[in-house]
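Breakdown of the fold
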Amino acid sequence: MTLSPPLAARWEALLAGLARIADEHPDALLASSMGIEDTLLIHAVAQLPRPPAVFMLDTGRLHAETLAMVGVVRERYGIETRVMHPDPQAVRAHVAAHGEFAFYESVALRKTCCGIRKVEPLRRALAGHSAWITGQRREQSPTRVELPETQWDDLFGLRKFNPLAFWTADEVWGVARALDVPRNPLHERGYPSIGCEPCTRAVRPGEDPRAGRWWWEQRDSRECGLHAGNLRMTGTPGARPRARLSSDTTEAPTS
Ligand code: SF4
């Protein structure tokens, strides 16, 4: 299948933008949850002469299908995904104190779990790097409606690129299908968003794509701490307002 002219233009701009990021930040990392946005980005960076390294956070609570995507990516692209794990002692202590399913009890306990299983390993993964790349899109959530394509990530202290920020789900899937990008089988079972097994469920057709993530919480608290800047941008109560930096831009790094 070939790309329609609008999708081909999107794709070419994405490749050009990623090439520019790789040139300007040779140590940039690509974060992957092994959802469709991330495998699309892996497909794209695999075309570059010097692709950014890919990593994922294995929280210890992921679906087997998501973990299996590491092998799919290796086989298809020869890319070895660096898999980051949480500190086992911190996990043991948290489970001993609060149980294995404490995240259902309160937002605070859920965020503590995300902090141990996601944020701390992410901090280790990003340490010493000048930039990271995510597959986040504005359309995905009320916490992402102001997501820029380029931003300074003041939580982790490096530049963050969201080259799919303005892509729609239809565009992502249109390109992915046309280019036969590998797909996490969970997508076909109704999971538009890939996350930890106990905190993610399938959604019904027409439902908000993020409705399956932490569905027992208020819509605007549903970020895991990896992208805390998103909450600041939406003015979530308790969120620290953030001054805009002159270097921040909503200009596409892809154009
Ligand atoms: S998504 Fe759920 S299981 Fe995964 S780290 Fe966050 S609270 Fe824990």
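Quick summary incoming for the structure in this document. Note that the structure is predicted; figures quoted are calculated from it, not measured.

Conventions adopted
Residues numbered from 1 in each chain as written. Predicted model: local features only at pLDDT ≥ 70, side-chain atom pairs only at ≥ 80, totals over all residues. Axes fitted to C-alpha atoms, helices over the stretch in contact; angles between N-to-C directions. Helix = DSSP H or I, 4+ residues; strand = E, 2+ residues; numbered from the N terminus. Parallel < 35°, antiparallel > 145°, perpendicular 65-115°, else oblique. Contact = placed C-beta atoms within 7 Å. Nonpolar A, V, L, I, M, F, W, Y, C, P; charged D, E, K, R; others polar. Pairing = 2+ DSSP bridges. Core = buried A, V, L, I, M, F, W, Y, C linked by C-beta atoms within 7 Å. Buried ≥ 20, exposed ≤ 12 C-beta atoms within 10 Å, placed from the backbone. Near = placed C-beta within 6 Å. Right-handed = clockwise from strand over helix to strand, strands pointing away.

Here we take up the packing of helix 1 (residues 5-24) against helix 6 (residues 169-178). The N-to-C vectors of helix 1 and helix 6 enclose an angle of 90°; their axes lie 10 Å apart at closest approach. One way to sum up the angle between helix 1 and helix 6 is to call them roughly perpendicular. Here Leu 7, Arg 10 and Trp 11 of helix 1 lie close against helix 6, whose contacting residues are Glu 171, Gly 174, Val 175 and Ala 178. In terms of residue class, the contact of helix 1 with helix 6 is built from four nonpolar, one polar and two charged.

Bringing the pairing of strand 5 (residues 150-153) into the picture now. Judged from the four bridges that link them, strand 5 and strand 6 (residues 158-161) form a sheet pairing that is antiparallel. Opposite Asp 153, over in strand 6, you have Leu 158 as the bridge partner. Two successive antiparallel strands, strand 5 and strand 6, enclose a turn made up of four residues, where Gly 157 displays a positive phi of approximately 75°.

To continue, consider the nonpolar core. The biggest cluster of nonpolar side chains holds 48 residues, and the ones touching the most others in it are Ile 21, Ala 28, Leu 29, Leu 30, Leu 41, Trp 132 and Ile 133. Contacts of Leu 30, omitting those with residues within four sequence positions, involve Leu 41, Ile 42, Val 45, Pro 52, Val 54 and Ile 133.

Moving on to the site of the ligand. The ligand sits among 13 residues. The nearest are Cys 113, Cys 114, Arg 117, Cys 196 and Cys 199. A breakdown of the residues in the shell around the ligand according to their chemical character gives seven nonpolar, two polar and four charged.

We now examine the pairing of strand 2 (residues 53-57). A regular strand places its side chains so that they alternate between the two faces of the sheet. The buried fraction of strand 2 amounts to four of the five residues, a majority that puts the element mostly inside the structure. Relative to strand 2, strand 1 (residues 29-31) runs parallel, the two sharing three bridges. For Leu 30, the partnering residue across the bridge sits in strand 2 and is Val 54. Where the polypeptide runs from strand 1 across helix 2 (residues 36-45) and back to strand 2, its parallel neighbour, the crossover connection is right-handed. In terms of strand pairing, strand 2 meets strand 3 (residues 82-84) through three bridges, oriented parallel. Bridge pairing in strand 3 places Phe 55 opposite Arg 82. Regarding topology, helix 3 (residues 64-77) serves as the crossover connection from strand 2 to the parallel strand 3, and that connection is right-handed.

All quantities given are derived from atomic positions and should not be read as evidence of function.
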